[in-house]
Amino acid sequence: MCTNFVTFAVVFFGPMFIELRHCFWLQFVPTFFVNLLLNAMLSVGIERLIGVLAPFWVNTLNSTVYISTLISLCFAYALYAMVRLFPISLIENAQMLVPCVMNDLYQGEVALELFRNCMVFTGLTILCYAIIWPMLRFKTNKNMAKYQIDYTKRIFKSLLVNVLFMSTGYFLNAGFLILLRKLSLSQVQIVFGTYILGIFTCISAISNPLTLYLFSSDYRIAFNEHLFKR
């Protein structure tokens, strides 16, 4: 959402187009956290998969070190993405005028690389949940307590809905963006098309709290207790 606010401010209050070197810093935080989010979704999927495959091994781990490692890896990739985008925006195409959408930071081979990484991360996330689902449904491991299985199923259901929302919004946006490039459209039409397609991603992003509340009794209790004071 922040990336759209930046673009709106540039177009509505500013000269409509600014140099890419300025856009880079305006879009730095939104772009960083978009890359962080995609990696975080994969990390959660892997963590859930390991929790189902080897629950007792997970329980023996130092939770602080375990979670810190996952978070550090997410931040490391997001930082890597920004480092890759840095020379494009501040050296190679620094003077290029753009309306300052987040996609403006993605240029050339680096854009293809990062786009491919995002598709791989999203695909692997879906794969993790595709493996978890039958394992939870047909799990016969008697060493795992029933309450653990029930709890994992409840958490899995809410996370699965979130992943499906995020993945659908992302893949629709990415697919249509590829299609736009194949059509004989002007740059202005492509820009407005990008804005419209961004709605899919925004809707999927802001749906997280709602899906957690609707599909998970555990999250619903937490929301009611801490937000609604029920």
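All values reported here derive from a predicted model rather than from experimental measurement.

What counts and what doesn't
Residues numbered from 1 in each chain as written. Predicted model: local features only at pLDDT ≥ 70, side-chain atom pairs only at ≥ 80, totals over all residues. Heavy atoms only, no water. Helix = DSSP H or I, 4+ residues; strand = E, 2+ residues; numbered from the N terminus. Buried < 20%, exposed > 50% of the residue type's maximum accessible area, 1.4 Å probe, protein only. Contact = heavy atoms within 4.5 Å. UniProt positions renumbered as here; feature names shortened; annotations may be inferred. Core = buried A, V, L, I, M, F, W, Y, C linked by side-chain atoms within 4.5 Å. Expected span 1.5 Å × (residues − 1). Bend = angle between axes of the 7 residues up to and from the residue. Axes fitted to C-alpha atoms, helices over the stretch in contact; angles between N-to-C directions. Left-handed = near helix turned anticlockwise from the far one by under 90°. Nonpolar A, V, L, I, M, F, W, Y, C, P; charged D, E, K, R; others polar. Phe/Tyr/Trp six-rings, centres within 6.5 Å; stacked < 30°, edge-to-face > 60°. Disulfide = S-S within 2.5 Å. pLDDT = per-residue confidence, 0-100. Salt bridge = Lys/Arg side-chain N within 4 Å of Asp/Glu carboxyl O.

## Comments concerning the overall build of the protein
Inference 1: Tallying secondary structure elements over the protein gives 10 helices and 2 strands in all.
Inference 2: In the protein, the order of α-helices and β-strands from amino to carboxyl end is α-β-α-α-α-α-β-α-α-α-α-α.
Inference 3: A buried classification covers 40% of the 230 residues belonging to the protein.
Inference 4: Within the protein, residue pairs in contact and separated by at least 24 positions form 79% of the contacts whose partners lie at least 6 positions apart.

## Overview of the UniProt feature "transmembrane region" (unreviewed entry) in the protein
Inference 1: Cross-referencing UniProt, the feature "transmembrane region" (unreviewed entry) maps to residues 24-44, 56-80, 114-138, 159-180 and 192-215 in the present numbering.
Inference 2: The span residues 24-44 shows a helical share of 95% and a strand share of 0%, and its end C-alpha atoms are spaced 29 Å apart.
Inference 3: Taken end to end, residues 56-80 is 92% helix and 0% strand, and its two terminal C-alpha atoms sit 33 Å from one another.

## So, the nonpolar core
Inference 1: Residues Cys23, Leu85, Cys100, Leu105, Tyr106 and Leu114 are the most contacted members of the largest nonpolar core, which totals 25 residues.
Inference 2: Leu49, Val52, Tyr129 and Ile132 belong to the second largest nonpolar core, which has 5 residues in total.

## Side note on helix α5 (residues 63-92)
Inference 1: Here α5 spans 43 Å end to end across 30 residues, near enough to the 44 Å set by a 1.5 Å rise per residue.
Inference 2: The sharpest bend along α5 reaches about 35 degrees and sits at Leu85, with the proline Pro87 one to four residues further on.
Inference 3: If you check which residues of α5 are buried, you get Tyr66, Leu70, Cys74, Tyr77, Ala78, Ala81, Met82, Leu85, Ile88 and Ser89.

## A look at the packing of helix α3 (residues 28-53) against α5
Inference 1: It is at 8 Å that the axes of α3 and α5 come closest, and there the two elements cross at 145 degrees. The two elements α3 and α5 meet at a crossing, and its hand is right-handed. Here Phe28, Thr31, Phe32, Asn35, Leu36, Asn39, Ala40, Ser43, Glu47 and Ile50 of α3 come into contact with α5, specifically with Tyr66, Leu70, Leu73, Cys74, Phe75, Tyr77, Ala78, Leu79, Ala81, Met82 and Leu85.
Inference 2: In terms of residue class, the contact of α3 with α5 is built from 16 nonpolar, 4 polar and 1 charged.

## Concerning the packing of aromatic side chains
Inference 1: Under the counting rule described, the total for this entry stands at 10 aromatic pairs.
Inference 2: Between Tyr77 and Phe121, the ring centres sit 4.9 Å apart and the planes meet at 80 degrees, which makes this aromatic pair edge-to-face. One end of the pair, Tyr77, is in helix α5; the other, Phe121, is in helix α6 (residues 108-137), with 44 residues separating them in the sequence.
Inference 3: Relative accessible area serves as the criterion here: at 15%, Phe121 is assigned to the buried category.
Inference 4: Following the ring pairs from residue to residue traces out a cluster consisting of Phe24, Trp25, Phe28, Phe32, Phe33, Phe75 and Phe86.

## As for the environment of Val120
Inference 1: Mapping Val120 onto the fold places it in helix α6.
Inference 2: Along the chain, Val120 and Leu38 lie 82 residues apart, while their C-alpha atoms are 9.9 Å from each other.

## Observations regarding the state of the cysteines
Inference 1: Summed over the entire model, instances satisfying the criterion amount to 1 disulfide.
Inference 2: Across the disulfide from Cys23 sits Cys100; the S-S distance is 2.4 Å. The disulfide joining Cys23 to Cys100 has a torsion of about 100 degrees about its S-S bond and is therefore right-handed. In this pair, Cys23 sits in helix α2 (residues 20-26) while Cys100 sits in the loop between β2 (97-98) and α6, placing the two residues 77 residues apart along the sequence. Taken individually, Cys23 and Cys100 each receive the classification buried, so the pair is uniform in this respect.

## A few points about the confidence of the model for the protein
Inference 1: Considering every residue of the protein, the mean pLDDT works out to 76; 70% of them sit at 70 or more.
Inference 2: Helix α7 (residues 146-182) is the least confidently modelled element of the protein, averaging 66 in pLDDT, while α2 averages 89, the highest of any element.

## Considerations on the pattern of salt bridges
Inference 1: A full pass over the atoms with the stated rule returns 2 salt bridges.
Inference 2: The partner of Arg21 in a salt bridge is Glu19, and the shortest N-O contact between them spans 2.4 Å.
Inference 3: Take Arg21: its relative accessible area is 32%, and that puts it in the partly exposed class.
Inference 4: A salt bridge links Glu113 to Arg84; the shortest N-O distance between them is 2.5 Å. Taken together, the positions of Glu113 in helix α6 and Arg84 in helix α5 put the pair 29 residues apart, joining distant regions of the chain.

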